[in-house]
Amino acid sequence: MTTIKLHNTKSRTKEDFVPIDPENVRMYVCGPTVYDRAHLGNARPVVVFDVLYRLLRHVFGAEHVKYVRNFTDVDDKINATAQTRKEAGAAGTLEELVRERTEETIDWYLKDMGALGAMEPNHMPRATQYIAQMIAMNEDLIAKGHAYAAEGHVLFAVDSWKEHYGKLSGRSVDDMIAGARVEVAPYKKNPMDFVLWKPSTDEQPGWDSPWGRGRPGWHIECSAMAEDLLWKQPLERGLLSEAALAKPHTFDIHGGGNDLMFPHHENEIAQSCCAHGDDTFANYWLHNEMLQVEGKKMSKSLGNFFTVRDLLDQGVPGEVIRFVFLQTHYRKPMDWTEKKAKEARQTLTKIAQVLGRPGLEKNRPNQSFGELPQEFLSALADDLNTPLAITHVRKYLKNAQISELAAALEILGFAPERIVEKFQQFHMTTLGSNIGANVGLEVSDNVSERIAETLVELALRFQELRSDAMQTKNFSELDDFKSVLVNAGLEVRMSRDSVELVPASDFDSSKLENI
Ligand code: AMP
Ligand code: ZN
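Attention here is on the structure that accompanies the text. (Residues numbered from 1 in each chain as written. Chains lettered and ligands numbered in written order. Predicted model: local features only at pLDDT ≥ 70, side-chain atom pairs only at ≥ 80, totals over all residues. Heavy atoms only, no water.)

Moving on, we get to helix 8 (residues 261–276). Between the first and last C-alpha of helix 8 there are 21 Å, a value that for 16 residues agrees with the 22 Å anticipated at 1.5 Å per step. With 15 of 16 residues buried, helix 8 lies mostly within the body of the structure. Gly277 sits one or two residues past helix 8 and shows a positive phi near 70°. (Helix = DSSP H or I, 4+ residues; strand = E, 2+ residues; numbered from the N terminus. Expected span 1.5 Å × (residues − 1). Buried < 20%, exposed > 50% of the residue type's maximum accessible area, 1.4 Å probe, protein only.)

Note on placement: Val308 falls in helix 9 (residues 308–313). The sequence separation of Val308 and Ile321 amounts to 13 residues, and the corresponding C-alpha distance is 8.7 Å. In contact with Val308, not counting residues within four places along its chain, are Ala38, His39, Leu40, Ala43, Asp112, Met113 and Leu116. (Contact = heavy atoms within 4.5 Å.)

The local shell around ligand 1 holds 18 residues, among which Gly41, Gly257, Asp259, Leu291 and Met298 are the closest. At a separation of 2.4 Å, an oxygen atom of ligand 1 approaches a polar side-chain atom of Asp259. A distance of 2.7 Å separates a nitrogen atom of ligand 1 from a polar backbone atom of Leu291. Secondary structure elements with two or more residues in the shell around ligand 1: helix 1 (40–60) and strand 9 (251–257). Considering every element that reaches the shell around ligand 1, the biggest residue donor is helix 1, with 4 residues. Looking at side-chain class alone, the shell around ligand 1 contains 7 nonpolar, 7 polar and 4 charged residues. (Near = heavy atom within 4 Å. Polar contact = N/O pair within 3.5 Å; in protein donor to acceptor, adjacent residues only side chain to side chain. Nonpolar A, V, L, I, M, F, W, Y, C, P; charged D, E, K, R; others polar.)

The next subject is the coordination of the zinc ion (ligand 2). At this site the zinc ion (ligand 2) is bound by Cys30 (SG), Cys222 (SG), His264 (NE2) and Glu268 (OE), with donor distances of 2.0 to 2.2 Å. Coordination geometry of the zinc ion (ligand 2): the 4 donor atoms subtend angles of 80 to 130° at the metal centre, consistent with an arrangement described as irregular. Donor residues binding the zinc ion (ligand 2) come from one chain and are separated in sequence as C-x191-C-x41-H-x3-E. One end of the pair, Cys222, is in helix 6 (residues 218–236); the other, Glu268, is in helix 8, and 46 residues separate them in sequence. Side by side, Cys222 and Glu268 carry an identical accessibility label, which is buried. (Donors = N, O, S within 2.8 Å, 3.2 Å for Na, K, Ca; no water. Tetrahedral: all angles 85-135°; square planar, octahedral: opposite > 155°, others 65-115°.)

Next up on the list: the nonpolar core. A general feature of soluble globular proteins is that nonpolar side chains tend to end up buried together. Judged by nonpolar contacts, the single largest core of 86 residues is most densely connected at Leu56 and Phe376. Here this core takes 13 residues from helix 1, the largest share from any one element. The contact partners of Phe376, leaving out residues within four places of it in the chain, are Ala389, His392, Val393, Tyr396, Ala408, Ile411 and Leu412. Membership of the second largest hydrophobic core comes to 44 residues, among which are Tyr130, Leu196, Ile220 and Phe262. (Core = buried A, V, L, I, M, F, W, Y, C linked by side-chain atoms within 4.5 Å.)

This brings us to helix 4 (residues 131–143). In this model helix 4 runs 18 Å from its N-terminal to its C-terminal C-alpha over 13 residues, within 8% of the 18 Å that 1.5 Å per residue would give. Following helix 4 by one or two positions, Gly145 has its phi on the positive side, about 80°.

The next thing to look at is the packing of aromatic side chains. The tally for this structure, following the rule as stated, stands at 11 aromatic pairs. Between Phe71 and Tyr109, the aromatic rings sit 5.7 Å apart at their centres with planes inclined by 85°, giving edge-to-face as the arrangement. Highlighted residues: Phe71 in the loop between strand 4 (65–69) and helix 2 (76–87) and Tyr109 in helix 3 (residues 94–115), separated in sequence by 38 residues. Grouping residues by exposure puts Phe71 and Tyr109 together as buried. Taking 6.2 Å as the distance between ring centres and 20° as the angle between the ring planes, the aromatic pair formed by Tyr165 and Phe194 counts as stacked. Pair noted here: Tyr165 is in the loop between strand 6 (153–156) and helix 5 (173–179) and Phe194 is in strand 7 (residues 194–199), with a separation of 29 residues, a long-range link. Both residues of the pair, Tyr165 and Phe194, count as buried. Members of the aromatic cluster, joined through ring pairs, are Phe17, Phe60 and Tyr284. When the ring centre of Tyr148 is taken as origin, the NZ or CZ atom of Lys189, which lies over that ring, is 4.2 Å away. The positively charged end of Arg322 is found above the aromatic ring belonging to Phe414, 5.9 Å away from the centroid. (Phe/Tyr/Trp six-rings, centres within 6.5 Å; stacked < 30°, edge-to-face > 60°. Lys NZ or Arg CZ within 6 Å of the ring centre and 35° of its normal.)

Here's what the structure looks like:
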């Protein structure tokens, strides 16, 4: 079995990934707060963890991987958006407007992320479906001395877990206090104590609780949903193996953007470990770096964002966005640039050209992943080295290794048929005279696009005949084919991996018509 290595934020090293139970690999990723369209930065973790999900399914078997990603549908930002709508004259109560907003945002999110080729996780719980579990967890934390109620709030007492709090992000409570610039609420015992529950006005969404009508804090949402879906429910259904039962409440992978490491993930760990009396919440913590704009994190609050939908509406295909993302390793910051998008589109167009040739069906692996080359899998298994994986993709493209190309694309989340369908139409407009570059074809600027396309076909055909001839040791068909090309005024330049067809001054395209 392939060993996957993952960079664990907890240890700050790359570790062999050893699941608690290989028959039931469990992963939780923090999902979006649904108050507006996802910006491009929000899409980065979706694509990164989608590739990880696909890799885990490949290595452990699709039915042995459980992926949970939540929707935060109760949050002050959502309330503020609904309030703005109300003030602008929208009909309905604030609660109704909140609900309307979250529903439409979830719908947009699933469509936009689907356009990027992201599979839907096994579970997509909404925080509002877990209020009872959050209240129960808060009561438990109070009973165990890790939380206290004050003025309608429930707060987590960081001093009750001082030795552990801050380990993930590498901070101590004292440093945090020294660095904190937030105004400290008078009811907090320690300035770093964070909210588990807070009061709601009559208008705001709220639920009855032992502390009055209120709503949960953000962090407790993930603790409650992860516990229920990755531990309690499987336990009740008898789905946990002995190995899993020996590590109660712990699951394998927790992911999200590195902006969530502190305080969100630190707080999730504190809540869950203290409620369960454990020292481990998730074994491996993975964090993607940020998508940036001129060196700054893309974010709604900085206003330096554009949405995934903006790009899709401008005609940038989801596959291009995905390809651009995967060309940078997930632990490196990256920018979105037009140049990257253009190059990705060109590569995908060339891929479509190669995959779109007759015979693809015949050559495609009949089983998904059936012929995934080991070098490619090793790259991906090495802490998701997608840039290296894409270098291999380019090689398969250049060598017209169709079945390797299709298998590699599939696990990276590109459906080969979709690429053919979508990108063949871009072919003429976007590539022009550079069309043959990756199959080693040079086409001069004054050759028409139609001829350029024909030459690509011919170069690919030549490569195919050559590889057949190498196997059968019968070169007559290849020689005949080459004669026709030379007669038409094409210089055939061959290297080990490629074929270049270079039109000479006597090039006569009409001589190619019957080929
Ligand atoms: P939010 O809705 O703000 O909680 O964010 C949803 C997900 O997007 C989280 O995993 C964040 O870490 C991630 N995220 C937010 N901004 C960026 C960014 N600029 N680049 C990469 N990931 C981001
Ligand atoms: Zn979370």
